[in-house]
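Examination of the molecular architecture
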Amino acid sequence: MIEEQSSQNLETKHWPSEIRYISEDKRLEIDFDNGKAFSYSAELLRVESPSAEVQGHGPGQKQTLPGRRHVGIMAVEPVGNYAVKIKFDDLHDTGIFSWQYLYKLGEEQDEIWAAYLSELEKKGLSRDP
């Protein structure tokens, strides 16, 4: 795991210059050093958590999580200088969000969100608990 973390750190191209959690909107905002800024809903971060619980342990194992519309964030904690650990109010806290992952998630947010909504519909699931 340490080797994976080190290589992840070396691949980071954009570093956050500011991170804010807007609790009333349940949104995490990150400004990056290249001038790009992204705003992520807590729901998006939760359903796209890089944890094994969500992503699985290999290709094709990703889980579609229903019922997370109202999820919030309890804490955002630094992990070294390459990531943050997000503690959600549904008690999920095992995902390590690297700067590289958050940047990619920000850039591809519209497509990722549309795919998530499509999967929910396809499986007859809802965003509501």
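It should be noted that the structure appears before, not after, this text.
Described below are features of the structure shown in this document. Because the structure is predicted, anything quoted here is derived from the model rather than measured.

Going through the model one piece at a time under the given rule, you end up with 14 salt bridges. The partner of D31 in a salt bridge is R20, and the shortest N-O contact between them spans 3.0 Å. Residue D31 is found in strand β2 (residues 27-32), and its partner R20 is found in strand β1 (residues 16-22); the two are separated by 11 residues along the sequence. The shortest N-O distance in the salt bridge between R68 and D90 comes to 2.9 Å. With R68 in the loop between α3 (52-55) and β4 (73-79) and D90 in the loop between β5 (83-88) and β6 (96-98), this residue pair connects regions lying 22 residues apart in the sequence.

Before going further, it helps to spend a moment on the nonpolar core. Residues Y40, L45, I86 and L102 are the most contacted members of the largest nonpolar core, which totals 19 residues. Ranked by residue count, the leading element in this core is helix α4 (residues 99-107), at four residues. In this structure, L45 is in contact with L28, Y40, I73, I86, F88, F97, L102 and L105, ignoring residues within four places of it in sequence. Membership of the second largest hydrophobic core comes to five residues, among which are V47, V54, L65 and L120.

Before going further, it helps to examine the sheet that holds strand β3 (residues 37-41). Across the sheet, three strands lie side by side as β1-β2-β3; this open sheet has antiparallel pairing. Strands at the two margins of the open sheet, each flanked by one partner only, are β1 and β3. Between one strand and the next, the sheet's axes are offset by a mean angle of 15°, whatever the strand orientation. Of the strand pairs in this sheet, β2 and β3 are connected by five bridges, and their pairing is antiparallel. The residue of β3 that forms the bridge with I30 is F38. Of the strands in this sheet, β1, β2 and β3 are in contact with α4, which crosses β3 at around 85°.

We now examine the environment of K13. Looking at the secondary structure, you find K13 in the loop between α1 (2-11) and β1. Sequence-wise, K13 and Q100 are 87 residues apart; in three dimensions their C-alpha atoms are separated by 7.1 Å.

Here the focus is the packing of α4 against helix α5 (residues 109-122). Two elements in contact, α4 and α5, have axes separated by 5 Å at closest approach and are oriented at 80°. When the interaxial angle is binned, α4 and α5 end up roughly perpendicular. Contacts from L105, G106 and E107 in α4 reach Q109, E111 and I112 in α5. The residue inventory of the contact of α4 with α5, partitioned by class, reads two nonpolar, two polar and two charged.

Relative to β2, β1 is paired through six bridges, and the arrangement is antiparallel. Residue pairing for β2: Y21 is matched across the bridge by L28. Taking the residues that link successive antiparallel strands as the turn, the β1-β2 hairpin has four residues, and the phi of K26 there is positive, at about 55°.

Basis of the calculations
- Numbering of residues starts from 1 in each chain and follows the order in which that chain's sequence is written.
- Only residues with pLDDT of 70 or above have their local features reported here, since the model is predicted, and side-chain atom pairs are shown and tallied only from 80 upward, although totals for entire chains, interfaces and linings are computed over all residues.
- Hydrogen atoms and water are omitted, and side-chain values are computed over all heavy atoms in the structure.
- A side-chain nitrogen of Lys or Arg and a carboxyl oxygen of Asp or Glu constitute a salt bridge if their distance falls within 4 Å.
- To qualify as a helix, a DSSP run of H or I must reach at least 4 residues; to qualify as a strand, a run of E must reach at least 2; elements of each kind are numbered from the N terminus.
- Buried residues of nine kinds, namely Ala, Val, Leu, Ile, Met, Phe, Trp, Tyr and Cys, make up a nonpolar core once their side-chain atoms join them within 4.5 Å.
- Accessible area is worked out with a 1.4 Å probe on protein chains only. A residue is then buried under 20% of its type maximum, exposed over 50%, and partly exposed in between.
- Any pair of residues with heavy atoms lying within 4.5 Å of one another is described as a contacting pair.
- For two strands to pair, DSSP has to find at least two bridges joining them.
- As a rule, the C-alpha atoms of each element are fitted with a line to give its axis, helices using only the stretch in contact, and angles between N-to-C directions run from 0 to 180 degrees.
- If an angle is under 35 degrees, it is roughly parallel; if it is over 145, roughly antiparallel; if it lies from 65 to 115, roughly perpendicular; otherwise it is oblique.
- Here the nonpolar group is Ala, Val, Leu, Ile, Met, Phe, Trp, Tyr, Cys and Pro; Asp, Glu, Lys and Arg are the charged ones; every other residue, Gly included, is treated as polar.

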